[in-house]
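Structural characterization, general
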Amino acid sequence: MLEKIKQIAAEIAPRLIEIRRHLHAHPELSGQEYQTAAYVAGVLSSCGLTVKEGVGKTGVVGELKGNGTSDLFLAIRTDMDALPIQEATGLEFASKIPGVMHACGHDVHTTVGLGTAMVLSRLQDQLPGRVRFLFQPAEEIAQGALWMVADGAMEGIDAIFGLHVFPTLPAGTVGVRYGALTAAMDDLEIIIQGEAGHGARPHQAIDAIWIAAQVITGLQQAISRTHNPLHPLVLTLGQISGGHAPNIIAEQVKMVGTVRSLHPEVRENLPDWTRRIVEGICQTYGARCEIKYNRRLPSVQNDWRLTKIVERAAIEALGEQNVILINEPSLGAEDFAVYLDYARGTMFRLGIGLKEGKNYPLHHPRFQVDESSILTGVITMAYSAFLYFEQSASTPT
Ligand SMILES: [Zn+2]
Ligand SMILES: [Zn+2]
């Protein structure tokens, strides 16, 4: 099967480059992927898939029936949105849309999804189970996966595969990770309410700025003293505002931030923990506070059996030297995590590093990919799908 997959992938390679360059030149922001969705739907229809548009607002779902020898239903998820960045690569197929760029490689993800659909549709008679391709919008604003599941995109699904490009892995390689791949992401808003007064007479006022400073350091110190250091926790207050003039004591300070954690049990306690520390400090100095702790995304926890399948597929397809075991998770967030509430899944990293020249990070205006990685992604994904059906058929559940 691997040889057949490789052969078809090689045949469609020029078309995939064309698709990727088209997508790259026409990026669309999160939630506005109208042209991209129409284009994706067109390619999927031409491969004979059953296509539904408008799933999860601007998302697209394509379904491929297998030969019916397995009841299993596998989902393959790719994301389609771009970023508000002015491209500075100078490539001939650079973004034609001012201020919008595929700087996170979602053009490559979409192309890999389409390429996998092309390959699997040509092998449909030999494909045991069904495959649902999820082309989701709005990953960058952590909304698209929620929109997709709200529209039933995960109904009936047994397992899900996903991928993300990674510039520090060279093209031709794939990175796999067992367990946590990305962090849970929550939002935090703190409003400290003191009492205004004259800057020369602090004892007659309640200084919200000074109390905010205590809260900021208090939270960071509490992380180092009250949390298990083996369970990562990052709390970043990225925005702070308060005060009017140099000689007026500020009555209110507002701070907003992001909280990242890896272990579900750590995350569980974070709203109470934050409240205890912030309220404790505010109370000590006579201020009132309002705390809003919003859970945004869980952590991507890769299922070990599915990860093993992807690892095996990648080793057979690319050779052991081209499969990298990722030894550290990222504290970045990824809304693939949302799907994992509905089925087990795994997400791998696709190496896209250029063989020559500087590799810029994701979200950089000069971010580039080595396009040979598209075939690596398609072959790994398509073969993983086959191994999933094969393996799951032979293992009693
Ligand atoms: Zn991104
Ligand atoms: Zn991304």
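Residues numbered from 1 in each chain as written. Chains lettered and ligands numbered in written order. Predicted model: local features only at pLDDT ≥ 70, side-chain atom pairs only at ≥ 80, totals over all residues.

**Points about the overall build of the chain**
Scanning the chain from terminus to terminus reveals nine helices and 16 strands. Taken over 397 residues, the chain has a buried fraction of 47%. Intrachain contacts of the chain at a sequence separation of at least 6 include 80% that bridge at least 24 residues. (Helix = DSSP H or I, 4+ residues; strand = E, 2+ residues; numbered from the N terminus. Buried ≥ 20, exposed ≤ 12 C-beta atoms within 10 Å, placed from the backbone. Contact = placed C-beta atoms within 7 Å.)

**Regarding the domain arrangement of the chain**
Domain boundaries assigned for the chain yield domain 1 (2-181 + 299-394) and domain 2 (184-297). Here the C-alpha centre of domain 2 lies 39 Å away from the C-alpha centre of domain 1. Every contact between the two is made by nine residues of domain 1 and, on the other side, eight residues of domain 2. Residue composition of the side of domain 1 that touches domain 2, by class: seven nonpolar, one polar and one charged. (Domains from an automatic or database assignment. Nonpolar A, V, L, I, M, F, W, Y, C, P; charged D, E, K, R; others polar.)

**Some details on the packing of helix H1 (residues 2-25) against helix H3 (residues 106-122)**
For the pair H1 and H3, the least separation of the axes is 9 Å and the interaxial angle reads 145°. The two elements H1 and H3 cross, and the hand of that crossing is right-handed. Only Asp107, Val108, Thr110, Thr111, Leu114, Gly115, Met118, Val119 and Arg122 of H3 make contact with H1, whose side of the interface consists of Ile5, Ile8, Ala9, Ile12, Leu16, Ile19, Arg20, Leu23 and His24. A class-by-class count of the residues in the contact of H1 with H3 yields eleven nonpolar, four polar and three charged. (Axes fitted to C-alpha atoms, helices over the stretch in contact; angles between N-to-C directions. Left-handed = near helix turned anticlockwise from the far one by under 90°.)

**Some words on the sheet that holds strand S3 (residues 73-79)**
With respect to topology, eight strands assemble into an open sheet ordered S1-S2-S4-S3-S5-S16-S6-S15, the strand pairing being mixed. Edge positions in the sheet fall to strand S1 (50-55) and strand S15 (323-325), since each has one partner strand and no second. The sheet shows a mean angle of 25° between the axes of neighbouring strands, taken without regard to direction. Across five bridges, the pairing between S1 and strand S2 (residues 59-64) is antiparallel. Residue pairing in the sheet places valine 55 in a bridge with glycine 59 of S2. Contacts from H3 reach S2, S3, strand S4 (130-136), strand S5 (159-170) and strand S16 (344-353), with the element oriented near 150° to S3. (Pairing = 2+ DSSP bridges.)

**A word on unusual backbone geometry**
Positive phi values are uncommon outside glycine, yet alanine 138 reaches one of about 50°. Residue position: alanine 138 is located in the loop between S4 and helix H4 (144-150). Judged by the 25 C-beta atoms lying within 10 Å of it, alanine 138 falls in the buried class. One non-glycine residue with positive phi stands out, namely histidine 363, at about 70°. Here histidine 363 is to be found in the loop between S16 and helix H9 (373-394). The exposure class assigned to histidine 363 is partly exposed, which follows from the 13 C-beta atoms found within 10 Å.

**Here we look at the pairing of strand S12 (residues 252-261)**
In this sheet, S12 lies alongside strand S8 (residues 184-193) in antiparallel orientation, the contact comprising ten bridges. Each residue of the ladder has a partner; that of glutamine 193, found in S12, is glutamine 252.

**Side note on the pairing of S16**
Along a regular strand, successive side chains alternate from one face of the sheet to the other. By the criterion of burial, S16 is predominantly enclosed, with eight of the ten residues buried. Here strand S6 (residues 174-176) pairs with S16 via two bridges, running antiparallel. Bridging across to S16, glycine 175 finds its partner in arginine 349.

**Some points on helix H7 (residues 304-318)**
With 15 residues, H7 should reach 21 Å at 1.5 Å per residue; the first-to-last C-alpha distance of 20 Å fits that figure. Among all positions in H7, only Leu306, Thr307, Ile309, Val310, Glu311, Ala313, Ala314 and Ala317 are buried. (Expected span 1.5 Å × (residues − 1).)

**Quick word on the environment of tyrosine 285**
Along the chain, tyrosine 285 turns up in the loop between helix H6 (264-284) and strand S13 (288-297). Separated by 77 residues in sequence, tyrosine 285 and alanine 208 place their C-alpha atoms 9.5 Å apart. For tyrosine 285, the residues in contact, after removing those within four places along its chain, are Ile206 and Ile211.

**Comments concerning the nonpolar core**
Ranked by internal contacts, the top residues of the largest apolar core, which has 87 residues, are Val378, Ala382 and Ala385. The greatest single-element share of this core, amounting to eleven residues, is contributed by H9. Counting the residues that make up this core, at least three belong to each of domain 1 (2-181 + 299-394) and domain 2 (184-297). Not counting the four nearest positions on each side in its chain, alanine 385 is found in contact with Leu74, Ile76, Leu120 and Val131. In terms of nonpolar packing, the next biggest core, distinct from the first, is built from 19 residues, Leu188, Ala208, Ile211 and Ile281 among them. (Core = buried A, V, L, I, M, F, W, Y, C linked by C-beta atoms within 7 Å.)

**Examining the sheet that holds S13**
If you walk across this open sheet you meet the four strands as S10-S12-S8-S13, and the pairing is antiparallel. The open sheet terminates on both sides in strands that have one partner only, identified here as strand S10 (233-242) and S13. Going across the sheet, the axis of each strand differs from the next one's by a mean of 15°, ignoring polarity. Here S8 pairs with S13 via nine bridges, running antiparallel. By the bridge assignment, isoleucine 190 is partnered in S13 with isoleucine 291. Along the sheet, helix H5 (residues 208-226) contacts S8, S10 and S12; its crossing angle with S10, the most-contacted strand, is approximately 175°. The strands touched by H6 are S8, S10, S12 and S13; relative to S13, the strand with the most contacts, the crossing angle is about 165°.

**Looking at the environment of glycine 152**
Among the structural elements, glycine 152 can be located in the loop between H4 and S5. Put simply, glycine 152 and glycine 56 are 96 residues apart on the chain and 8.7 Å apart in space, counted from C-alpha to C-alpha.

**With respect to the packing of H5 against H6**
It is the contact of H5 with H6, at a shortest axis distance of 9 Å, that shows an interaxial angle of 140°. The chirality of how H5 crosses H6 is right-handed. Within the contact between the two elements, H5 uses Ile211, Gln214, Val215, Gly218, Leu219 and Ala222 and H6 uses Ile277, Val278, Ile281 and Cys282.

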